[in-house]
Amino acid sequence: MAGIYIHVPYCIQKCGYCDFYSIIRLTSKEDFVATLIKEIEIRKSALVKEGIQTIYFGGGTPSLLSIDELGRIYKALKEHFDISNVQEVTIEVNPDDVTHDFLKSLKNIGFNRLSMGVQSFNNKILAFMNRRHSADQAKNAVQIAKQAGFNNISIDLIYGIPNMSMECWRDSIDQTIDMDVQHISAYHLTFEPDTPFFTKLKRNEIQEIKDDDSLQQYNLLVKRLTEAGFIDYEISNFSKPSLESQHNSNYWKGNNYLGLGPSAHSFINQVRSWNVSDLNEYISLVNNAKNFSEQEELSFKDIYNETIMLGLRTRKGVDLKQLKHDGNPEILSHFSKELKINMAAGNVYEQEGFIRISDDKKFLTDKIISNFFIV
Ligand code: SF4
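Every value quoted in this text rests on a predicted model; they were computed, and no experiment measured them.

Novice: Summarise a nonpolar patch on the surface; cite the residues concerned and give the values.
Specialist: The grouping of Leu215, Phe363 and Leu364 at the surface amounts to a nonpolar patch, some 220 Å² of accessible area in total. Look at Leu215 and you get partly exposed, because its relative accessible area is 33%.

Set out below in structure tokens:
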């Protein structure tokens, strides 16, 4: 089963840490929606042999589209893809876009899962990150979502933020637990090039937090959430039993997905492609029947690296059978050598045909993954 991702390229303001493609002028919304619907039609054969299991509206801020615009996009998906067996339809929403009527209408369209960009329950931290909502707005939004009938809600959090104390982080985790949601994604802040935070870092206006503090914040996150009944099914993702994000799990399993909209990435039958990351260019190219994406076929080495990277981030681990099936002798011999070294170091272990990262080494996941990479 495959997934469809829709990229909505609008935000009201840019958050300090974010490098996702979006613009802050909303005047082109109508052209964007019409062009996206055109792309849906153009690419209707991309997943023709597969049923669609998940649909995900991300961005940007999809909740900046109106119900009419979202409904038209969903209708086009219905017309051109087999979504009759779709199980999970997620939309990312900003807390201050949430109203009861808006969410009720989302349900009527077919959305059954919300992903809320809360990031913190501390107003000073929210202001520092240039988020446009307050902690109270986030709490209200979750309550409104429940009243509107959503019973699959995910909250995003960020840790590793300069000058954020352990108390502040603990409080955000605990308030998230109190919200009684089904899923939490928690990412360590990274300083991506071309973001305001990156510029501040280079100018010495802010500093990265110490590795020890990062580790403590991660450990606290895992401890608190697992005590509250969440399963850390991926290094940054926690869910109540059986409520993992199906859409993201499909990525991690290496299943096919089709990305639509500017800057959206697709992965279909070992070919990766990406749409142009500029809204005006996207609109012009799609409407003039010109090529609006680039692509590359993955080599054995790429597939191996991707299998390691995605698999080791998950609790389930890397499937040895799949690795042997997809690999060639050279790759498998490299893997065996690294496996021996990393097992001896206690970094990974084997269980039921899967290679998994040891619990006490999870914070070092990225480093351990890089041990296995072929460059
Ligand atoms: S984090 Fe979300 S709301 Fe903030 S700029 Fe990025 S896409 Fe927009």
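Novice: Tell me about the sheet that holds strand E15 (residues 354–357), residues and numbers included.
Specialist: On the basis of which strands lie adjacent, the open sheet formed by 3 strands has the order E13-E15-E14 and antiparallel pairing. Two strands in the sheet have a free side with no partner beyond their single neighbour: strand E13 (318–319) and strand E14 (348–351). Bridge count for E13 against E15 is 2 bridges, and the pairing is antiparallel. The partner of Asp319 across the bridge, within E15, is Phe354.

Novice: So, the packing of aromatic side chains: which residues are in play, and what are the values?
Specialist: Counted by the stated rule, this structure contains 15 aromatic pairs. Members of the aromatic cluster, each reached through a chain of ring pairs, are Tyr17, Phe128, Phe191 and Phe197. Lys107 extends its terminal NZ or CZ atom over the ring of Phe150, reaching a point 5.3 Å from the ring centre. The ring centre of Phe230 lies 4.7 Å from the NZ or CZ of Lys240, which sits over that ring.

Novice: I'd like to hear about the packing of helix H13 (residues 329–344) against helix H14 (residues 365–372), residue by residue, with values.
Specialist: Geometrically, a packed helix pair is captured by the angle between its two axes and the distance between the axes. Two numbers describe how H13 lies on H14: the axes approach to 9 Å, and their chain directions differ by 140 degrees. Relative to H14, the element H13 lies oblique. Residues His334, Phe335, Glu338, Leu339 and Asn342 of H13 form the contact with H14, whose participating residues are Ile368, Asn371 and Phe372.

Novice: Go over helix H6 (residues 166–178) with me, naming the residues and quoting the values.
Specialist: With 13 residues, H6 should cover 18 Å at 1.5 Å per step; its first-to-last C-alpha distance of 18 Å lies within 8% of that length. Along H6, the residues classified as buried are Cys168, Trp169, Ser172, Ile173, Gln175 and Thr176. One side of H6 carries all its buried residues, which in axial view fall inside an arc of 165 degrees. Structural note: H6 exposes Glu167 and Asp178 on the side pointing more than 90 degrees away from its buried face. Each element contacted by the buried residues of H6 is listed here: helix H4 (123–128), helix H5 (135–147), strand E5 (153–159), strand E6 (183–188) and helix H8 (211–227). Looking one or two places after H6, you find Asp180, whose phi comes out positive at around 55 degrees.

Novice: Account for the domain arrangement of the chain, naming residues and giving values.
Specialist: Domain annotation for the chain reports domain 1 (2–252) and domain 2 (300–372). Averaged C-alpha coordinates put domain 1 and domain 2 at centres separated by 28 Å. Facing 12 residues of domain 1, the contacting portion of domain 2 comprises 7 residues. On the domain 1 side of the contact with domain 2, Asp232, Ile235 and Trp252 bury the most area, a combined 49% of that side's loss. Viewed at the interface, domain 2 and domain 1 are joined by 3 salt bridges. Between Lys362 and Asp232 there is a salt bridge, with the nearest N and O atoms lying 3.5 Å from each other. Between the two partners, domain 1 and domain 2, sit 5 residue pairs in polar contact (both at pLDDT 80 or more). Taken together, the elements giving at least two residues each to the side of domain 1 that touches domain 2 come down to H8, strand E7 (231–234) and helix H9 (246–253). Considering only residue class, the side of domain 1 that touches domain 2 consists of 7 nonpolar, 2 polar and 3 charged.

How each quantity is defined
Residues numbered from 1 in each chain as written. Predicted model: local features only at pLDDT ≥ 70, side-chain atom pairs only at ≥ 80, totals over all residues. Heavy atoms only, no water. Patch = residues over 30% accessible without salt bridge, like charges linked within 9 Å, V, L, I, M, F, W, Y side chains within 5 Å. Areas by Shrake-Rupley, 256 points an atom, 1.4 Å probe, with all protein chains shown as cover. Salt bridge = Lys/Arg side-chain N within 4 Å of Asp/Glu carboxyl O. Buried < 20%, exposed > 50% of the residue type's maximum accessible area, 1.4 Å probe, protein only. Pairing = 2+ DSSP bridges. Helix = DSSP H or I, 4+ residues; strand = E, 2+ residues; numbered from the N terminus. Phe/Tyr/Trp six-rings, centres within 6.5 Å; stacked < 30°, edge-to-face > 60°. Lys NZ or Arg CZ within 6 Å of the ring centre and 35° of its normal. Axes fitted to C-alpha atoms, helices over the stretch in contact; angles between N-to-C directions. Parallel < 35°, antiparallel > 145°, perpendicular 65-115°, else oblique. Contact = heavy atoms within 4.5 Å. Expected span 1.5 Å × (residues − 1). Arc of directions from axis to C-beta. Domains from an automatic or database assignment. Buried area = accessible area lost by both parts, 1.4 Å probe. Polar contact = N/O pair within 3.5 Å; in protein donor to acceptor, adjacent residues only side chain to side chain. Nonpolar A, V, L, I, M, F, W, Y, C, P; charged D, E, K, R; others polar.

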